[in-house]
Amino acid sequence: MTQNIELGKFQELIVVKKTDFGVFLNTSTGVDKDKILLPKAQVPKDTQLKDVLNVFVYKDSEDRPIATMEEPQITLGEVARLYVKEVTSIGAFLEWGLAKDLLLPFKEQLYPVKEDDAVLVTLYIDKSNRLCATMHVYDALKNNSTYQKDDEVFGRVYEISERFGVFIAVDDKYSALLPKKEVFDEYRINQPVYARVAQVMDDGRLTLSVRKKIPDQMQEDAEIIFECLEMAGGFLPYHDKSDAEVIKREFHMSKNAFKRAIGNLMKSGKIKIEKNGIRQL
């Protein structure tokens, strides 16, 4: 493949030769051996020598560079959600709008995919100079969304880190993180997430929260705690000195949120805080 003709991208190439089975294309500075075929079925009517055509370049089933007028669902460096057509001994093959399916190698899968799964991937060129898909999309996600603090967003989980939290692709294209301190439930890859933008970082990446703004969330948390208190017969062995991990496990909220909520309940005269827990009044 010549450096002038780029694999995995749309580009304008010149018709340099016509044949019975299609036309050959090249760049204005390309040498003859680097020309590539646009099959006859895709050649626009009345195409002539020296015409310029906008084509996508990939490799055919015999691993030869070839041009197409068809539009794939993903191009080099972009991110898209594609369906798994089949799983074979070398990996999964994805439907992406072209005659030859796109390979998702096993080593590029974040979990074993199965037929009909919709997986978020980006396109890359492997060591054998072939186009392949990978589920490692962090570096390919965009950071130029127009979302602002407190906007509500929708995304899907694409990676989970014990150190950082849950990585989410907002709208399947923008980079976002649900920080570890905000993770109160078990998440899985591909899980849909509705969240609020807690912060837009300096580099444009989004920090998310699945909780509401503090005043609204405090009221909701207080209602949850009071309901638990009633179900427990009026006493719970948790208070503002309880361990944060225990609070997270029992109430699915941070210790700070718990303290705000029981403070609210105490001010409204619904509970009192004792040495060993909280009691309903």
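Everything below is about the structure shown above.
Residues numbered from 1 in each chain as written. Predicted model: local features only at pLDDT ≥ 70, side-chain atom pairs only at ≥ 80, totals over all residues. Heavy atoms only, no water.

Draft legend 1. Inspection of the packing of aromatic side chains at higher detail. Throughout the structure, instances matching the rule amount to 11 aromatic pairs. Taking 5.5 Å as the distance between ring centres and 55° as the angle between the ring planes, the aromatic pair formed by Phe10 and Phe56 counts as tilted. Placement of the pair is Phe10 in strand β1 (residues 10-19) and Phe56 in strand β4 (residues 52-59), with a sequence separation of 46 residues. Phe10 gets classed as partly exposed once you look at its relative accessible area, which sits at 33%. A residue is classified by how much of its surface remains accessible, and Phe56, at 0% relative accessible area, is buried. Between Phe154 and Tyr194, the aromatic rings sit 4.9 Å apart at their centres with planes inclined by 50°, giving tilted as the arrangement. Pair noted here: Phe154 is in strand β11 (residues 152-161) and Tyr194 is in strand β14 (residues 192-200), with a separation of 40 residues, a long-range link. Phe154 gets classed as partly exposed once you look at its relative accessible area, which sits at 28%. Through a chain of ring-to-ring contacts, three or more aromatic side chains come together here, namely Phe10, Phe56, Tyr58 and Trp96. The side chain of Lys35 reaches across the aromatic face of Phe24, ending 5.4 Å from its centre. The ring of Phe226 is capped by Lys270, whose NZ or CZ atom sits 5.4 Å from the centre of that ring. (Phe/Tyr/Trp six-rings, centres within 6.5 Å; stacked < 30°, edge-to-face > 60°. Helix = DSSP H or I, 4+ residues; strand = E, 2+ residues; numbered from the N terminus. Buried < 20%, exposed > 50% of the residue type's maximum accessible area, 1.4 Å probe, protein only. Lys NZ or Arg CZ within 6 Å of the ring centre and 35° of its normal.)

Draft legend 2. The arrangement of the pairing of strand β13 (residues 174-179) in detail. With five of six residues buried, β13 is to be regarded as a mostly interior element. With six bridges connecting them, strand β12 (residues 165-170) and β13 associate as antiparallel partners. Within β13, the position partnered with Ile168 by the bridge is Ala176. Here β12 hands over to β13 after three residues, with Asp171 in that stretch at a positive phi of 55°. Relative to strand β15 (residues 206-209), β13 runs parallel, the two sharing two bridges. Note that in β15 the partner of Ala176 across the bridge is Leu206. (Pairing = 2+ DSSP bridges.)

Draft legend 3. Up close: the sheet that holds strand β16 (residues 235-236). Taken in spatial order, the three strands of this open sheet run β16-β18-β17, and their pairing is antiparallel. Strands at the two margins of the open sheet, each flanked by one partner only, are β16 and β17 (271-274). Examined bridge by bridge, β16 and strand β18 (residues 277-280) share two bridges and lie antiparallel to one another. The partner of Leu236 across the bridge, within β18, is Ile278.

Draft legend 4. Looking closely at the environment of Tyr174. Along the chain, the position of Tyr174 falls in strand β13. For the pair Tyr174 and Met266, spaced 92 residues apart in the sequence, the C-alpha separation amounts to 42 Å. Other than its neighbours up to four places away in sequence, Tyr174 contacts Leu141, Lys142, Asn144, Ser145, Tyr147, Ile168 and Ala169. (Contact = heavy atoms within 4.5 Å.)

Draft legend 5. Spatial organisation of the nonpolar core. The biggest cluster of nonpolar side chains holds 32 residues, and the ones touching the most others in it are Leu25, Leu94, Trp96, Leu104 and Val121. With five residues, β4 is the single largest residue contributor to this core. Each residue touching Val121, except ones within four places of it in the same chain, is listed here: Ile74, Glu78, Val79, Ala80, Leu82, Leu94, Leu104, Ala133, Thr134, Met135 and Val137. Judged by nonpolar contacts, the second largest core, of 16 residues, contains Phe226, Tyr238, Met253 and Ile262. (Core = buried A, V, L, I, M, F, W, Y, C linked by side-chain atoms within 4.5 Å.)

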